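So you can see what is in the structure, the chains are spelled out below.
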Amino acid sequence: MSFVHMPVMLNEAIVGLSIKPQGIYIDGTVGGGGHALLIAEKLGEKGLLIGIDRDQEAVAVAKERLMPSEAQTHVLHGNYREMKLLLAENSIKSCDGILLDLGVSSHQLDQANRGFSYISDASLDMRMDQQQKKNACDIVNNYGEADLHRIIREYGEERFAKRIARFIVSERSAAAITTTGRLSDIVASAIPAKFRADGGHPAKRTFQALRIECNDELRILEETLDEMIDILNPGGRLVIITFHSLEDRIVKVAFRRNEYPCICPADFPVCGCGKTSRGKVITRKPLTPSQAEMESNKRAKSAKLRVFERHNNI
């Protein structure tokens with residue numbers, strides 16, 4: 001099975017993990033195994049790499065690619081929000097590092113039948129886990145106009161979100177919107193002609209918003225960051241690569257909260273809340289790709305990488 005995917009910020013991610021040859025590492029979004037392959041190469045025979053992905057095709061490819069590794073490797077089908085449970089099922093309580101490379105993979109975008117792309121005409125799907133019931137077609141045809149407006153505005157940061165939502169509701173009243181091609185045309189028609197050339201394809205932001213909603217990407221991230229820090233051994237690191245400003249903000253806030261959890265007023269002489277720091281942020285400012293990487297891989301342009309390290313004194 002072909003699963004072409006160029007891993008973003010590969011070297012920066014490996015450096016951020018600070019890999020111990022005998023350690024246990026988790027790639028929570030293993031995809032085609034690009035990052036996982038290099039992690040496995042850094043591990044010794046007693047090292048262990050767990051790969052997790054909700055895309056069953058990715059799981060099959062990653063298993064095959066990691067098979068020759070000298071390190072122990074296991075690739076599991078699931079969502080990284082189930083990380084603690086998946087590890088417990090494999091008799092693992094903690095690990096030395098976790099990597100998340102968020103967003104949609106090149107493979108998913110390039111496969112027209114997955115319905116992620118506004119370029120190719122296909123069934124409107126966008127599910128990362130094809131066992132999931134809700135898809136983008138359900139959202140486009142069943143959500144109210146106000147909810148569509150909110151999703152496209154917040155997740156897509158689309159200035160014409162209100163018009164796009166109105167056009168979608170109007171068009172679906174005539175016939176259900178079931179293909180990416182029809183949705184793309186509707187979005188383009190909702191954006192005034194003089195603005196259509198700005199910021200790439202006119203449907204780009206709307207498709208991004210629907211994908212995020214369909215896969216519940218932001219809520220899952222927000223609700224699992226603290227738990228992932230719980231899983232880390234002392235000195236263990238959590239490395240996250242984001243591609244969206246809202247994702248990056250969620251990571252930034254969570255990392256800062258875990259480093260400085262005290263909620264006492266600033267003028268209190270002594271902390272009374274009892275909340276203690278769980279670690280430190282290694283990246284005071286997010287790392288971004290090199291110019292060379294951005295030129296060779298356009299997906300990398302919006303990438304930001306942040307690293308959190310668990311305290312040694314826990």
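All values reported here derive from a predicted model rather than from experimental measurement.

Enquirer: Where do I start with the pattern of salt bridges in this structure?
Expert: Side chains that differ in charge, positive against negative, can pair when their charged atoms come close. As enumerated under the stated definition, the model contains 19 salt bridges in all. When the shortest N-O distance is used, the salt bridge between R127 and D125 registers 2.7 Å. A residue is classified by how much of its surface remains accessible, and R127, at 16% relative accessible area, is buried. A salt bridge links D226 to R257, with the nearest nitrogen and oxygen atoms 2.8 Å apart. With a gap of 31 residues between them, D226 in helix α11 (residues 217-231) and R257 in helix α12 (residues 245-259) connect regions that are remote in the sequence. Relative accessible area serves as the criterion here: at 28%, D226 is assigned to the partly exposed category. Each of D55, E57 and R114 takes part in a single network of salt bridges with overlapping partners.

Enquirer: Looking at this structure, I do not really get the packing of aromatic side chains. What am I missing?
Expert: The relation between two aromatic rings is expressed through the spacing of the ring centres and the mutual angle of the planes. With the rule as written, the count across this model stands at three aromatic pairs. Ring geometry for F160 against F195: centres 5.2 Å apart, planes inclined by 50°, an arrangement best described as tilted. Of this pair, F160 sits in the loop between α7 (145-156) and α8 (161-174) while F195 is found in the loop between α9 (180-190) and α10 (204-214), placing the two residues 35 residues apart along the sequence. Given the relative accessible area of 13%, F160 is considered buried. Relative to F308, the ring of F255 has its centre 5.4 Å away and its plane inclined at 45°; by these criteria the two rings are tilted.

Cut-off values and rules
Residues numbered from 1 in each chain as written. Predicted model: local features only at pLDDT ≥ 70, side-chain atom pairs only at ≥ 80, totals over all residues. Heavy atoms only, no water. Salt bridge = Lys/Arg side-chain N within 4 Å of Asp/Glu carboxyl O. Buried < 20%, exposed > 50% of the residue type's maximum accessible area, 1.4 Å probe, protein only. Helix = DSSP H or I, 4+ residues; strand = E, 2+ residues; numbered from the N terminus. Phe/Tyr/Trp six-rings, centres within 6.5 Å; stacked < 30°, edge-to-face > 60°.

None of the figures reported here should be taken as evidence of function without further support.
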